Amino acid sequence: MTAQNRDDAPRTATRRPGAVRRFLATPRFFLIVLIIALVVVIGALKPSFFNGPFVIAPLLTSISIFTVVGLSQLVVMSVGHMNLAIGPMAAFGAMFAGMSFQLFGLPLWAGVVVGLLAGAAVGALSGWIIARTGVNSFIVTLAMSFALIGLVPTVYSWLTTGSAFTVKPDGLDVIGRASFATLCLGNVCGTNAIPIIVVPTIVTMAILGYLFTRTRIGRELLMTGSNVQAAELSGIPTSRRIILVHTLSGVLAALAGFLLAASTGSFTPGIGGEFMLQSFVGPILGGTLLAGGYVSITGTLLGITLTLLIRKGLDLFGVGIETLNILLGVILLIALSADRFRLIRTRRTRAAAAVAPPDDTGGDPHPTGPGADKKEEVSA
Amino acid sequence: MSTPFALEARGLSKSFPGVKALDQVNLALAAGEVHALMGENGAGKSTLIKILTGVHRPDEGSLLLAGEPVSIGSPMEAMEAGIGVVHQERNVIRRFSVGENIVMSRMPRKGLRVDWAAVRSEARRCLAQLDLDLDPETPMDRLSAAQIQLVEIARGLYTETSVLLLDEPTASITSNEADRLFRVVDRLRDQGKAVVFVSHKLEEVFAHCDAVTVLRDGRSVMEAQRLADHTRDEIVDVMVGRSLAALQVPDRVIDLTAAPVLELDGVSTSLGHRGVSLEVRPGEILGLYGLVGAGRTELARAMLGLGRITQGELRVRGKAATIRSVRQALENHRIGYVTENRKEEGVFLEQSVTRNIAVTVWSTLARAFGFVSGKGEQALAGQYVTELDIRIAGQYQNVGQLSGGNQQKVSLAKWLAAKTEILIIDEPTVGIDVRTKRSFYDLIWRLADEGLAILLISSDLAEMVTLADRVAVMDRFTVTGTVDNTHDYDAMSQSIIRLIHTGTAAVAAPGRSKENA
């Protein structure tokens, strides 16, 4: 956001310290370096890693799905809340989509809309309870999670025999399983290493990026996350904003559930079982603050990419799923400590600046450590 | 030097990244003396206190306790060395009881268990020293802000201290409670303790302190001088670094025939107000004076929809209005509220100056798809940065990095940006230094001259007498009377105090603990 620097007021004409330097200090840069290093190492040891249709494409498919999962958590994190029910909400949304295909024979788009609306409904319910009662989002969404974990399999067992909706409308496999190799302009076709499923994820990222950087509501969400009392007293309708983020979180969870179902080919109650841990790992590794007020959407993509890359790498080396989970736990712990560490650093810089004599705006700007910079702006 | 100083700091320096907070500071505290530590915001007072109490370590310099060099590495060590402190920020645990908070630093124990009887008796002993009649079992969150402050002081008395540091202890308590505090300070002096007293209030300093050290820009520019040898103006000059002309109250002309823009007519609220009536005209500054707990802030909140009006009528520009939220107050009635709790409710510490100012105008700036132009909000915020003379390195800077006075200006700027016509300003200069205070007064007058109707809430009588055009006096959740301001401090304070007392006499005292002379 270089446009931010242009400023007509003479007093504030001091330029913000180098954009490149600031980027180098973000977790995003660190993640990119790690990802590149991992790709090089894994590729060098296991050349089979670069197999387009069998390794890269499935990896990109998971990254696409889990990035949406991460974004579902990110939107509630923007106001300092959390959603522990993302997995069950994904299952709930996917169930409605599958139901509309199987029982009502709806076309693809209509089923997707029904699924997303179902996700929106449960999300809105969580948000409404939180805003209305003031109970911590942790508790409300935990309860919501239990309720849905009970409800979803029950509905499946009522309505299906094999506990799955398997009817596929036209186009479902294109979204879930096809690659760009099926898209041809004349005789030039896309690569078979990139699945079509990246498209909905990229669109989602773009919409959220626009929301948080360019719109009034996005700004108001971040302000609410920074200080809910000040937000309320500045005229931001915080209750409505809280309901909004939980609704949005429900929609994104349902989208992720739908994408996962599309990629596996069936709608089952088990969808979303692995979502919860990943939903936190991605945003936090990427620099989104648990406490609210700062989000990073590209960071979420990078965080998810890193964890899935590690998983894929270990998979190639034949390491078992248990080890993978241990590793994921460790990564989350590190990410959470990093979150805490950055907060402390911000406080320090703040404390240091608070003792600065009031009128030293002269030449040199206040020392703004990377930690302090990080929170004030959103990256798309 | 015949007797060593109780605590002496020699040539203390401390740097934070890019900032020299303290530069060769000396401080010498004699036993049996109340030593004032003065300086503007950001002069380094709090840093000095934090070094003396082990929160920060100095880069250079030494500390001597009763003539012996000491190194204080942590707050615990400071306590063991006999240095007690009451910090500026609240440091209590709200869910715990008064007694637990007082003895927290060293819980009396019986074996592995807490000795509750000792907790109570120790807490009572400390409270008794303050003549404070509080049950140690009372939960903290039932206390008023002033009572919490007194409990913090009681905590400073818990451990055996030879040096007690009080960092702005009277910023949020009433004069009655302050008097109580000063009786304790006098007693501690008689016991031969050294007391450091940080305050922005010159009256208090001159009335109660023996010696003074003044910090300016991290240097000790006046060191351990007898206060009796100096006048108030001299101290202010040293603090500010130049002579400030005496504050001129401008001639303000208010059109008394103009229709009031804001009227309360016999208003009772769900927050406990009864029959409150007042009116503010455009261009007028109506002061709302009262003791802490008189219900002034609550009245402001009720007007903003954060409490319900149960009886009577709120009229804005002559029309009865029902306000349910701050947004409604702003968008439908152009009412803004500058809160007294700047850090908790006024600003967003982790957000940029631009966003802090633009927060109230996004709804007007927003175009299709909710788009808000970054340049647009920046230009708008920049305008108020210039207009209010907010000192920043750049608009990207986080508000948490600004000094208190500049934060307060940011908190005000957002309401000006929103083009409010009625502004409720709550305690605008709490914790703000002399120089910034004056620029704030000028600013408030200017806003009123531009036609804003201002409802000014303040507990500082001098400020009230300087700023307001009329003063409405509140006591126990009702307005007991309104006086035209003559700007004559003595006469005004008498009539205002009289109004507070009439109010008290007329209403039977409810349970709340409160002293009345």
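Computed from a predicted model, the values in this text were never measured in an experiment.

Cut-offs and rules
Residues numbered from 1 in each chain as written. Chains lettered and ligands numbered in written order. Predicted model: local features only at pLDDT ≥ 70, side-chain atom pairs only at ≥ 80, totals over all residues. Heavy atoms only, no water. Helix = DSSP H or I, 4+ residues; strand = E, 2+ residues; numbered from the N terminus. Buried < 20%, exposed > 50% of the residue type's maximum accessible area, 1.4 Å probe, protein only. Contact = heavy atoms within 4.5 Å. Areas by Shrake-Rupley, 256 points an atom, 1.4 Å probe, with all protein chains shown as cover. Rg over C-alpha atoms; globule rule 2.2 N^0.38 Å. Domains from an automatic or database assignment. Salt bridge = Lys/Arg side-chain N within 4 Å of Asp/Glu carboxyl O. pLDDT = per-residue confidence, 0-100. Pairing = 2+ DSSP bridges. Axes fitted to C-alpha atoms, helices over the stretch in contact; angles between N-to-C directions. Patch = residues over 30% accessible without salt bridge, like charges linked within 9 Å, V, L, I, M, F, W, Y side chains within 5 Å. Expected span 1.5 Å × (residues − 1). Phe/Tyr/Trp six-rings, centres within 6.5 Å; stacked < 30°, edge-to-face > 60°. Parallel < 35°, antiparallel > 145°, perpendicular 65-115°, else oblique. Left-handed = near helix turned anticlockwise from the far one by under 90°. Nonpolar A, V, L, I, M, F, W, Y, C, P; charged D, E, K, R; others polar. Core = buried A, V, L, I, M, F, W, Y, C linked by side-chain atoms within 4.5 Å.

> Where do I start with the overall build of chain A in this structure?
When its secondary structure is counted, chain A shows 15 helices and 2 strands. Buried positions account for 53% of the 380 residues belonging to chain A. Long-range contacts, defined here as pairs at least 24 residues apart, represent 73% of the contacts in chain A between residues at least 6 apart. Put simply, chain A shows about 15,900 Å² of open surface, and 69% of that area lies on carbon and sulfur atoms.

> Which parts of the structure should I look at to understand the overall build of chain B?
The helix and strand inventory of chain B stands at 18 helices and 22 strands. Its C-alpha atoms give chain B a radius of gyration of 24 Å, near enough to 24 Å, the size a compact globule of 517 residues would have. For chain B, the spread of C-alpha atoms along the three principal axes comes to 70 × 55 × 50 Å. The 517 residues of chain B split such that 58% are buried. Pairs at least 24 residues apart make up 67% of the contacts formed inside chain B by residues separated by at least 6 positions. Summed over its atoms, the accessible surface of chain B is roughly 20,700 Å², and 49% of this surface lies on carbon and sulfur atoms.

> Can you walk me through the domain arrangement of chain B in this structure?
Accessible area lost upon the coming together of the parts serves often as the stated size of an interface. According to the domain assignment, chain B contains domain 1 (7-240) and domain 2 (262-334 + 420-502). Relative to domain 2 of chain B, the C-alpha centre of domain 1 of chain B lies at a distance of 33 Å.

> Mind showing me how you'd approach the pattern of salt bridges here?
Across all of its chains, the model carries 32 salt bridges over all chains by this definition. Its salt-bridge partner being Arg-241 of chain A, residue Glu-220 of chain A comes within 2.8 Å of it at the nearest N-O pair. A residue pair is termed long-range when its members are at least 10 positions apart, and Glu-220 of chain A in helix H9 (residues 216-226) and Arg-241 of chain A in helix H11 (residues 238-264) qualify at 21 residues. A salt bridge links Arg-10 of chain B to Glu-8 of chain B; its shortest N-O distance comes to 3.1 Å.

> What is the right way to read the confidence of the model for chain A from this model?
Atom-level detail of predicted coordinates should not be read off regions where pLDDT is low. Residues and elements named next belong to chain A. Taken over all residues, the pLDDT of chain A has a mean of 83, while the share at 70 or more is 83%. Between residues 1-15, whose pLDDT stays under 50, and residues either more than four places distant or in other chains, the model counts 32 contacts. For residues 350-380, every residue scores under 50 in pLDDT, and the model assigns this stretch 99 contacts once sequence neighbours within four places are set aside.

> Please clarify how the sheet that holds strand E13 (residues 262-269) of chain B should be interpreted in this entry.
To summarise the sheet geometry, strands pair through backbone hydrogen bonds and adopt either a parallel or an antiparallel arrangement. All names here are of chain B. If you trace the 4 strands from one edge of the open sheet to the other, you get E14-E13-E16-E17, paired in antiparallel fashion. Bordering the open sheet on either side are strand E14 (276-280) and strand E17 (319-320), each of which pairs with just one other strand. By the bridge criterion, 4 bridges tie E13 to E14 in an arrangement that is antiparallel. The residue bridging Glu-263 from the neighbouring strand is Glu-279, located in E14. Across the sheet, helix H9 (residues 296-303) touches E13, E14 and strand E16 (309-316), and the angle it forms with E13 is around 105°.

> I would appreciate a short explanation of unusual backbone geometry in the present structure.
What you tend to see is this: most non-glycine residues have negative phi, and most peptide bonds are trans. Unusually for a residue other than glycine, Arg-334 of chain B sits at a positive phi of about 55°. In this fold, Arg-334 of chain B is placed in the loop between helix H10 (326-333) and strand E18 (335-338).

> I'm lost on the side chain of Asp-115 of chain B in this one. Help?
Tracing the backbone shows Asp-115 of chain B in the loop between strand E8 (113-114) and helix H4 (116-129). Once residues within four sequence positions are removed from consideration, Asp-115 of chain B is found in contact with Pro-108, Arg-109 and Lys-110 of chain B.

> Would you explain the environment of Ala-43 of chain B in this entry?
Residues and elements named next belong to chain B. Its place among the elements puts Ala-43 in the loop between strand E3 (33-38) and helix H1 (45-52). Through-space distance from the C-alpha of Ala-43 to that of Arg-216 is 4.9 Å; in sequence the pair is 173 residues apart. Aside from chain neighbours lying at most four places away, what touches Ala-43 is Ala-21, Leu-215, Arg-216, Asp-217 and Gly-218.

> Even after reading the chapter, I still don't get the confidence of the model for chain B, so can you show me in this structure?
Residues and elements named next belong to chain B. Averaged over chain B, the pLDDT score is 84; the fraction of residues at 70 or greater is 92%. Counting contacts from residues 504-517, a segment whose pLDDT is below 50, to residues more than four positions away or on other chains yields 15 contacts. We note a pTM of 0.76 for the whole complex and an ipTM of 0.79 for its interfaces.

> Quick question: what am I supposed to make of H9 of chain A here?
For the α-helix, the turn length of 3.6 residues means that residues three or four positions removed from each other point alike. The buried count for H9 of chain A comes to 10 of 11 residues, which makes it a mostly enclosed element. Restricting attention to buried positions, one finds in H9 of chain A the residues Arg-216, Gly-218, Arg-219, Glu-220, Leu-221, Leu-222, Met-223, Thr-224, Gly-225 and Ser-226 of chain A.

> Explanation requested: a nonpolar patch on the surface in the structure shown.
Residues and elements named next belong to chain A. A cluster of nonpolar residues, Val-20, Phe-23, Leu-24, Phe-29, Ile-32, Val-33, Ile-36 and Val-40, forms a patch on the protein surface that exposes about 680 Å² of accessible area. For the nonpolar patch, the secondary structure elements donating two or more residues are helix H1 (19-24) and helix H2 (27-45). Mapped onto the fold, Val-20 is located in helix H1.

> What's the story with helix H4 (residues 86-102) of chain A in this structure? I'm lost.
Taking 1.5 Å per residue as the helical rise, H4 of chain A with its 17 residues ought to reach 24 Å, and the 24 Å between its terminal C-alpha atoms agrees with that figure. Within H4 of chain A, 15 of the 17 residues are buried, leaving the element largely enclosed by the surrounding structure.

> Help me out: how do you make sense of the packing of aromatic side chains in this one?
Think of a pair of aromatic rings as described by two things: how far the centres are apart, and how the planes are tilted against each other in angle. All names here are of chain B. Enumeration according to the criterion identifies 9 aromatic pairs over all chains in this entry. Pairing Tyr-441 with Trp-445 gives two aromatic rings, centres 6.4 Å apart and planes at 65°, and the pair type is edge-to-face. Highlighted residues: Tyr-441 and Trp-445, both in helix H16 (residues 434-449), separated by 4 residues, approximately one helical turn. The exposure class of Trp-445 is buried, given its relative accessible area of 3%.

> Looking at this structure, I do not really get the packing of H4 of chain A against H11 of chain A. What am I missing?
For any two helices packed against each other, one specifies the crossing angle of their axes together with the interaxial distance. All names here are of chain A. At a closest axis distance of 7 Å, the pairing of H4 and H11 adopts a crossing angle of 60°. By the criterion of interaxial angle, the relationship of H4 to H11 is oblique. The chirality of how H4 crosses H11 is right-handed. Each of Ile-86, Met-89, Ala-90, Gly-93, Ala-94, Ala-97 and Phe-101 in H4 lies in contact with H11, whose residues at this interface are Ser-249, Gly-250, Ala-253, Ala-254, Gly-257 and Phe-258. Looking at the contact of H4 with H11, its residues break down into 9 nonpolar, 4 polar and no charged.

> Could you clarify how one ought to interpret the nonpolar core in this entry?
With 91 residues, the main nonpolar core has Ile-357, Leu-412, Leu-423, Ile-454, Val-471 and Ile-496 of chain B as its most contacted residues. The element contributing the most residues to this core is H16 of chain B, with 7 residues. Not counting the four nearest positions on each side in its chain, Ile-454 of chain B is found in contact with Val-280, Glu-284, Ile-285, Leu-286, Leu-423, Ile-425, Ile-444, Leu-447 and Ala-448 of chain B. Of all hydrophobic cores here, the second largest spans 70 residues; its members include Leu-31, Phe-92, Phe-212 and Leu-252 of chain A.

> Could you clarify how one ought to interpret the environment of Gly-225 of chain A in this entry?
Residue and element names in this part refer to chain A. Mapped onto the secondary structure, Gly-225 falls in helix H9. With a relative accessible area of 11%, Gly-225 lands in the buried category. Sequence separation between Gly-225 and Gly-292 is 67 residues; the distance between their C-alpha atoms is 4.2 Å. Not counting residues up to four positions away in its chain, the partners in contact with Gly-225 are Ser-78, Val-79, Gly-80, Ala-291, Gly-292 and Gly-293.

> What's the story with the sheet that holds E18 of chain B in this structure? I'm lost.
Residue and element names in this part refer to chain B. Here we have 6 strands laid out as an open sheet, ordered E18-E19-E20-E15-E21-E22, and mixed in their pairing. Strands at the two margins of the open sheet, each flanked by one partner only, are E18 and strand E22 (478-484). Between one strand axis and the next, the sheet turns by 20° as a mean value, whatever way the strands run. Note that strand E21 (residues 470-475) and E22 share 6 bridges and pair antiparallel. Considered in E22, the bridge of Val-473 is made with Gly-481. Its contacts with the sheet put H9 on strand E15 (285-289), E18, strand E19 (422-426), strand E20 (453-458) and E21, and the angle it makes with E20 is roughly 145°.

> I keep staring at the environment of Val-479 of chain B and nothing clicks. Help me out?
Residues and elements named next belong to chain B. Within the element layout of this structure, Val-479 appears in strand E22. For the pair Val-479 and Ile-102, spaced 377 residues apart in the sequence, the C-alpha separation amounts to 36 Å. Setting aside residues up to four positions removed in sequence, Val-479 forms contacts with Val-276, Ser-277, Leu-278, Ala-472, Val-473 and Met-474.

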